[in-house]
Amino acid sequence: MSVEKSQLSTPDDSMPPSKATSVHHLSEEGDHQPHVSTRTKDRAPVFVVVLCLFQSCAGLLFGWESGVISGMINQTDYLRRFGEPDPTAASGYSIPTTRQALITSFLGLGALFGSLAAGTISSRVGIKNATLIALVIFLIGVSIETSCQYQWGQVIAGRWIAGFGVGAMSMLAPLFQAECSPRHLRGIISSTFQLAATLGIFLSNVVNYNSRNYSGANQWRIPVSLQMIFAVVFMVGTVLSPESPRYFLGRGNVDQARKNLAKLRDLPVDSVELEDELQMILREVQETASMAQATYWDCFSNIDRMRLRTIIGIMVQAGQQWSGVNFFFSYGVKFFQSAGISDSFLIQVVLSAVNVLSTFPGLWAVENLGRRKTLFIGAAIMFTGQVVAGALGTAYPDGQVAGKILITFSCIFIFGFAASWGPLGWVVAAEQFPMRMAPYCVAWATGSNWFNNWLLAMITPYITDAGYGNLQSKITFIWAGAIVLFTGFIFLFCPETKGLSLIQVDELYMSNVSAWRSSSWEPFGGDAPRHSVGGEVLKLETEKTHHEDAPQRNLE
């Protein structure tokens, strides 16, 4: 994104008179007194909160398209159309392992490309227009998938195209929420993306359960096509949403940036408070404009510790997938059938209901317990659920009591995930990066999610099926080991960002404080604690434009 510095360095030329005394003006006049914001309380306009929450509809599409496949690949008509004759199967047909892996995994592969492309697209046309483009692509993919007759290659093509759209949206929605939501609600609003994803999984399983006895192609076409309704509703909401003010400032359109920020904050355009925040964003845009054009590879540079921050986003998103959660939602019906449970479709509904309900404690925990503590508690619960489920499934593969206990501890695992790593993965990925780098770094993080989604969906049938690895329920021990490894990474490298503005997150990284001591870290000067506005202003009033020389904090 190219910005003429002259357009931004003298904002008075393009702004109408205002009663605001901005940070930018103070620094020019040599006033070294600390700036005190006129903000008396955190604002949360209902209209803005609704718009930011509306972006989480992308999560619903993500969850629906991810969850619907579990029932589809076990529907009688679907097996007949896209499988092969199999006299040992109850329906007389089964889908070969390789074909099943391709059908299931190509959603994740398309989403990988979509999430990586979304950063470049959004930097050129804005988050709003990029989201609309992604929605059109998604609708095309679902249409191709729904209209398929007997060619399983068409199913794969449709899921890849739909995946491209949903992958792009999974990157764009958290980015919009991080930029436009009220700062004190950023964590909980970002977490609603995961809540919507769990709702999508639940609704798709409910529809699968109710359509399993339908005749003909309605068994699977109805579950696939219904998500198009939610996509159209999401499209309408996106059209009504304002573009990020930062996007217009980056193009020198200060008047439009002020209008959009006024909508997002529900303030008059000549408000002192509005002018203060506009000047803060303007200063960061100026700093960004003085730098070279960002690229995806800049995410791995040592400047501003971007390499570590990008790796944290990548690892947290990978940890979501390697916890084993999508094993239950992509192959759950088949898994519970192999464990001797008769109505596996109903069990999928139960698991997805637990998934939805358990996300609400996660929304509370993300702002009350903090990011790190919530991830640690969730990891302990997930580890317990996976180990017990694997042990019982191995020791008593056909036992009725063991089957009930297997379901119970599967639900315990789902609770642990949905209340911690589920919502936190998106929060952490959205708030680690400066705005100049955010589209590219968030794209790497969501790309990690989708790459691992594709990889695990591709290899899981080979690990569990009798003709190959034949691990069956013992695969849960692999997930348990992965949970331990990724939790260790979080302990060593991921800092606590609860209550910090995005600018204060920059400062936290430049202070070089250890991740396990970061909960005690306070923003610059010690008198601008977490959840305050002062930390934002202090950073902007310093003469330095980077934090390389930020002093170390004494946390002893």
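The sections below set out a description of the structure shown in this document. (Residues numbered from 1 in each chain as written. Predicted model: local features only at pLDDT ≥ 70, side-chain atom pairs only at ≥ 80, totals over all residues. Heavy atoms only, no water.)

Each helix and strand counted, the chain has 24 helices and two strands in total. Counting across all 556 residues of the chain, residues that qualify as buried make up 58%. In the chain, 79% of the contacts between residues at least 6 apart in sequence involve partners at least 24 apart. (Helix = DSSP H or I, 4+ residues; strand = E, 2+ residues; numbered from the N terminus. Buried < 20%, exposed > 50% of the residue type's maximum accessible area, 1.4 Å probe, protein only. Contact = heavy atoms within 4.5 Å.)

A few words on the pattern of salt bridges. Throughout the structure, instances matching the rule amount to nine salt bridges. For the salt bridge of Arg159 with Glu65, the shortest nitrogen-to-oxygen distance reads 3.5 Å. Residue Arg159 is found in helix H8 (residues 152-180), and its partner Glu65 is found in helix H4 (residues 57-72); the two are separated by 94 residues along the sequence. Residue Glu275 pairs with Arg258 through a salt bridge whose shortest N-O separation is 3.7 Å. (Salt bridge = Lys/Arg side-chain N within 4 Å of Asp/Glu carboxyl O.)

We now examine a nonpolar patch on the surface. Taken together, Val232, Val236, Val239 and Leu240 make up a surface patch of nonpolar side chains, about 360 Å² in accessible area. Among the secondary structure elements, Val232 is positioned in helix H11 (residues 227-240). Owing to a relative accessible area of 44%, Val232 belongs among the partly exposed residues under this scheme. (Patch = residues over 30% accessible without salt bridge, like charges linked within 9 Å, V, L, I, M, F, W, Y side chains within 5 Å. Areas by Shrake-Rupley, 256 points an atom, 1.4 Å probe, with all protein chains shown as cover.)

Turning to the side chain of Gln386, a few remarks are in order. You can see Gln386 is positioned in helix H18 (residues 371-395). With a relative accessible area of 0%, Gln386 lands in the buried category. Leaving out residues up to four positions away in the same chain, Gln386 has contacts with Ser323, Gly324, Phe328, Phe413, Thr476, Trp479, Ala480 and Ile483.

Okay, helix H22 (residues 475-493) next. Over its 19 residues, H22 extends 28 Å from the first C-alpha to the last, a length consistent with the 27 Å expected when each residue adds 1.5 Å. Taken together, the buried positions of H22 are occupied by Ile475, Thr476, Trp479, Ala480, Ala482, Ile483, Phe486, Thr487, Phe489 and Ile490. (Expected span 1.5 Å × (residues − 1).)

So, on to the environment of Gln55. Structurally, Gln55 can be placed in the loop between helix H3 (46-54) and H4. Considering only alpha carbons, one finds Gln55 and Met235, 180 residues apart in sequence, at a separation of 9.8 Å. Contacts of Gln55, omitting those with residues within four sequence positions, involve Thr131, Ala173, Phe176, Gln177, Phe234, Thr238 and Ser241.

Enumeration over the complete set of coordinates arrives at six cavities of 30 Å³ or more. Put simply, the second largest cavity is a space of about 150 Å³. As for the second largest cavity, its lining consists of 16 residues, and the residues nearest its centre are Phe62, Gln194, Ile201, Asn326 and Phe417. For the lining of the second largest cavity, the element with the most residues is helix H9 (residues 186-211), which contributes four residues. Here the residues of the lining of the second largest cavity sort into six nonpolar, 10 polar and no charged. (1 Å grid on protein atoms, 1.4 Å probe; cavity = no way out; pocket = protein on both sides within 12 Å on 5 of 7 lines; lining within 4 Å. Points joined across faces, edges and corners; volume = space filled by probe spheres on them. Nonpolar A, V, L, I, M, F, W, Y, C, P; charged D, E, K, R; others polar.)

Another point: the environment of Gln504. Structurally, Gln504 can be placed in helix H23 (residues 502-510). Distance from Gln504 to Pro523, taken between C-alpha atoms, is 6.4 Å for residues 19 residues apart in sequence.

Our next topic: the nonpolar core. Counting residues in each nonpolar core, the largest one holds 115 residues, and the members touching the most others are Leu61, Tyr78, Val166 and Met169. Residues within four places of Leu61 in sequence aside, it is in contact with Leu135, Phe138, Val166, Met169, Gln227, Phe230, Ala231 and Phe234. Counting residues in each nonpolar core, the second largest holds 13 residues, with Leu249, Ala257, Leu278 and Val285 among its members. (Core = buried A, V, L, I, M, F, W, Y, C linked by side-chain atoms within 4.5 Å.)

In this section: the packing of H4 against helix H10 (residues 218-225). It is at 10 Å that the axes of H4 and H10 come closest, and there the two elements cross at 170°. Relative to H10, H4 is oriented roughly antiparallel. Residues Trp64, Val68 and Met72 of H4 touch H10, and the partners they reach there are Trp220, Pro223 and Val224. (Axes fitted to C-alpha atoms, helices over the stretch in contact; angles between N-to-C directions. Parallel < 35°, antiparallel > 145°, perpendicular 65-115°, else oblique.)

Estimates place the volume of the largest pocket at around 570 Å³. For the largest pocket, the lining is made up of 21 residues, of which Asn74, Leu79, Ala89, Tyr93 and Ser94 are closest to its centre. Within the residue set of the lining of the largest pocket, elements represented by two or more residues are helix H5 (76-82), strand S2 (93-94), helix H6 (97-125) and helix H16 (325-338). By residue class, the composition of the lining of the largest pocket is eight nonpolar, nine polar and four charged.

On their own, these measurements won't tell you what the molecule is for.
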